[in-house]
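Per-entry structural report
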Amino acid sequence: MENGVGLKKSLGLWSIVMLGVGYMTPMVVFDTFGIVSNDTGGHVPTSYILALAAMLFTAASYGKLVKVFPMAGSAYTYTAKTIHPNLGFLVGWSALLDYLFLPMVNALLTKYYFEALFPSVPGWVWVVLFVGLVTLVNVFSVNVSANFNTLLVLFQILVIVIFVGLVIHGLVKGEGTGSIFSIQPFFSSHMHISTLIAGATVLCFSFLGFDAVTTMSEETPNAVKTIPRAIFLTALLGGILFIVASYFTQSFFPDVSKFKSPDSSAPEIALYVGGKLFQAFFLAGTFTGTLASGVASHTSVSRLLYVMGRDNVLPAKYFGYVHPKWRTPVFNVIAVGIISLSAIFFNLETATSLINFGALISFTFVNLCVIVHFVLKNKQHKSVKGIWTYILSPIIGAAFVFILWLNLNIDSFMLGIAWAIIGFCYLMYITKMFKEETPQFKFEEAM
């Protein structure tokens, strides 16, 4: 709060949930369908159920910590407060990979969509227009961002509802399994648990976003109650949308034999289900999903940078600044917009790799922080409920995250380690080779 102005507490429960769901991008279910259907032998919904169960344990860990630390820094704040400020900085630095590069990924996807539609227009034009719109929306009040995002999410849900209606019409006519209610997409005698888990590890990354709502804690009245509910509802609502959409898609396409390119099946799914007119509407929903994720992720990362600036681990004059009228971290919003313009030069594979590493770092340490804070420090594990809540639940969450670590691409891991080393060098600089303590903002005193 370098200029004495704080974030405005104006967000309600469903505004936050919509930001989280927008971050997750409901339409992504169709982008990954062909790959996971091929890997699981036609049981995508089952893999989504496993992925949802896995993510709910980590979501529960976020919910426990935000009740104790109703601050905007997410995993960065929790690690700094429960374990050590130096480790907290490194976790926050690594998490920046997730938060900083997702807006850029959305700009990249937009560039690819519009290059396909308008091949004569240079790709950088679409990046600049997309980043400019998202940045402008985020500069003004957080309510503007939240309301705009809600409209985009509702449009995606509308597309999915129409899609389900068209699939039901096709199933009644004998397409796919020929039945609206079928156990086949969930279970068959030839399914294997190993392939289902492999599919779930791919789909877990679709749930990135439920953790981002914790960055809105300081803009939420009664955050101690509202944010834990928002975390759970974001993961649950996203999971339900994914499971329902994948069930009907799998019912219509029991296998991937119809697809020319299972790795990019979304356009073909729309074409086979509803024809060219629906395909155009469907692709509009896909772009809407990208825009919603762009707005939500831009909002989240600007808040993480704000907290790190307020702590003075990043220059407080810029990163800790809040505009007195709009009550948003304007400099951070603009900085994220400038970084997002690098989508002009990056490719999708590299950017996605960086996101995965940052997300897994956050998930890992949030589960560990629950054990450190509630068990090692406060001894709240001396009952059956305490053992389950503060030991077993975060351990299960961490175990699922460990499986994701094992399936992380080696390039993602090496790029993430390189970024962490840069952060470690910067940490040595701001602490004068660890002779001084890492700066921390006294949130309780300020409140």
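Thresholds, definitions, all that
- Residues numbered from 1 in each chain as written.
- Predicted model: local features only at pLDDT ≥ 70, side-chain atom pairs only at ≥ 80, totals over all residues.
- Heavy atoms only, no water.
- Helix = DSSP H or I, 4+ residues; strand = E, 2+ residues; numbered from the N terminus.
- Buried < 20%, exposed > 50% of the residue type's maximum accessible area, 1.4 Å probe, protein only.
- Lys, Arg positive; Asp, Glu negative; His and termini not counted.
- Charge placed at Lys NZ, Arg CZ, Asp CG, Glu CD.
- Polar contact = N/O pair within 3.5 Å; in protein donor to acceptor, adjacent residues only side chain to side chain.
- Contact = heavy atoms within 4.5 Å.
- 1 Å grid on protein atoms, 1.4 Å probe; cavity = no way out; pocket = protein on both sides within 12 Å on 5 of 7 lines; lining within 4 Å.
- Points joined across faces, edges and corners; volume = space filled by probe spheres on them.
- Nonpolar A, V, L, I, M, F, W, Y, C, P; charged D, E, K, R; others polar.
- Salt bridge = Lys/Arg side-chain N within 4 Å of Asp/Glu carboxyl O.
- Axes fitted to C-alpha atoms, helices over the stretch in contact; angles between N-to-C directions.
- Parallel < 35°, antiparallel > 145°, perpendicular 65-115°, else oblique.
- Left-handed = near helix turned anticlockwise from the far one by under 90°.
- pLDDT = per-residue confidence, 0-100.
- Patch = residues over 30% accessible without salt bridge, like charges linked within 9 Å, V, L, I, M, F, W, Y side chains within 5 Å.
- Areas by Shrake-Rupley, 256 points an atom, 1.4 Å probe, with all protein chains shown as cover.
- Expected span 1.5 Å × (residues − 1).
- Bend = angle between axes of the 7 residues up to and from the residue.
- Core = buried A, V, L, I, M, F, W, Y, C linked by side-chain atoms within 4.5 Å.
- Phe/Tyr/Trp six-rings, centres within 6.5 Å; stacked < 30°, edge-to-face > 60°.

1. Focus on the overall build of the protein chain
Secondary structure summary: the protein chain contains 16 helices and zero strands in total. When its C-alpha atoms are laid out on the principal axes, the protein chain stretches across 70 × 60 × 40 Å. Considering the protein chain as a whole, with its 447 residues, one finds that 55% of them fall into the buried category. Computing the positive centroid from 24 side-chain charges and the negative centroid from 19, the protein chain places the two 11 Å apart.

2. A closer look at the side chain of N138
As for its position among the elements, N138 is in helix α6 (residues 123-139). A distance of 2.4 Å separates a polar atom in the side chain of N138 from a polar atom in the side chain of T299. Among residues more than four places away in sequence, those in contact with N138 are S145, V295, H298, T299, T328 and V333.

3. Concerning the layout of surface pockets
Each pocket or cavity is described by its volume, and for the second largest pocket that value is around 210 Å³. Residue assignment for the lining of the second largest pocket shows that the elements contributing at least two residues are α5 (85-117) and α10 (266-310). Looking at side-chain class alone, the lining of the second largest pocket contains seven nonpolar, one polar and no charged residues.

4. Thoughts on the pattern of salt bridges
Throughout the structure, instances matching the rule amount to four salt bridges. Among the salt bridges present, the one from R310 reaches E218, with a minimum N-O distance of 2.5 Å. Placement of R310 in helix α10 and of E218 in the loop between α8 (193-203) and α9 (223-252) is noted, with a sequence separation of 92 residues between them. Assigned by exposure class, R310 and E218 land together as buried. A salt bridge links R303 to E219; its shortest N-O distance comes to 2.9 Å. Residue R303 is located in helix α10, and its partner E219 is located in the loop between α8 and α9; the two are separated by 84 residues in the primary sequence. Residue classification places E219 among the buried positions, given a relative accessible area of 0%.

5. Brief notes about the packing of α6 against helix α12 (residues 330-340)
At their nearest, the axes of α6 and α12 sit 9 Å apart, and the two run at 170° to each other. In terms of orientation, α6 and α12 fall into the roughly antiparallel class. In the packing of α6 onto α12, the handedness of the crossing is right-handed. Residues V127, V131, T135, N138 and V139 of α6 pack against V330, V333, I334, G337 and S340 of α12.

6. Let's talk about the confidence of the model for the protein chain
When pLDDT is averaged across the protein chain, the result is 88; 95% of the residues are at 70 or more. For residues 443-447, every residue scores under 50 in pLDDT, and the model assigns this stretch six contacts once sequence neighbours within four places are set aside.

7. Points about a nonpolar patch on the surface
On the surface, L50, I193, I197, F400 and I403 cluster together into a nonpolar patch covering about 380 Å² of accessible area. Elements with a contribution of two residues or more to the nonpolar patch: α8 and α14 (384-406). By secondary structure assignment, the location of I403 is in helix α14. Overall, I403 belongs to the partly exposed group, its relative accessible area being 30%.

8. So, helix α2 (residues 28-40)
In this model, α2 (13 residues) spans 18 Å end to end at C-alpha, consistent with the 18 Å of a helix rising 1.5 Å per residue. The axis of α2 is deflected most strongly, by about 40°, at G34. Of all the positions in α2, only V28, V29, F30, T32, F33, G34, V36, S37 and T40 are classed as buried. The first or second residue beyond α2 is G41, which carries a positive phi of 70°.

9. A look at the nonpolar core
Counting 123 residues, the largest nonpolar core has F30, F207 and F210 as its most contacted members. If one sorts the elements of this core by residue count, α10 sits on top with 16 residues.

10. Section: the packing of aromatic side chains
Across all of its chains, the model carries 37 aromatic pairs by this definition. Between F114 and W126, the ring centres sit 4.8 Å apart and the planes meet at 25°, which makes this aromatic pair stacked. With F114 in helix α5 and W126 in helix α6, this residue pair connects regions lying 12 residues apart in the sequence. Classification of F114 as buried rests on a relative accessible area of 18%.

11. Considering the side chain of T290
For T290, the position within the fold is in helix α10. Setting aside residues up to four positions removed in sequence, T290 forms contacts with T25, N106, L109, T110, Y113 and F130.

12. Re the packing of helix α1 (residues 13-24) against helix α7 (residues 142-172)
Helix-helix packing is characterised by the crossing angle of the two axes and by the distance between the axes. Two numbers describe how α1 lies on α7: the axes approach to 9 Å, and their chain directions differ by 60°. If you check the angle between α1 and α7, you find them oblique. In terms of crossing hand, the pair formed by α1 and α7 is left-handed. When α1 is examined against α7, the residues S15, M18, L19, V21 and G22 are found in contact with a partner set consisting of A146, N149, T150 and V153. Residues of the contact of α1 with α7, tallied by class, amount to five nonpolar, four polar and no charged.

13. Focus: the environment of T58
On the secondary structure map, T58 appears in helix α3 (residues 44-68). Sequence separation between T58 and F363 is 305 residues, and the spatial gap between their C-alpha atoms is 6.6 Å. When near neighbours in sequence (up to four residues on either side) are disregarded, T58 contacts F210, F363, N367, G397 and V401. In terms of polar contacts, T58 uses its side chain to reach the side chain of N367, at 3.2 Å.

14. Some remarks on unusual backbone geometry
In the Ramachandran plot, K432 falls in the positive-phi region, its phi being about 50° despite a non-glycine side chain. A positive phi angle, near 60°, is found at M433, a position not held by glycine. Position of M433 relative to the elements: it lies in the loop between α15 (410-430) and α16 (443-446). The exposure class of M433 is exposed, given its relative accessible area of 55%.

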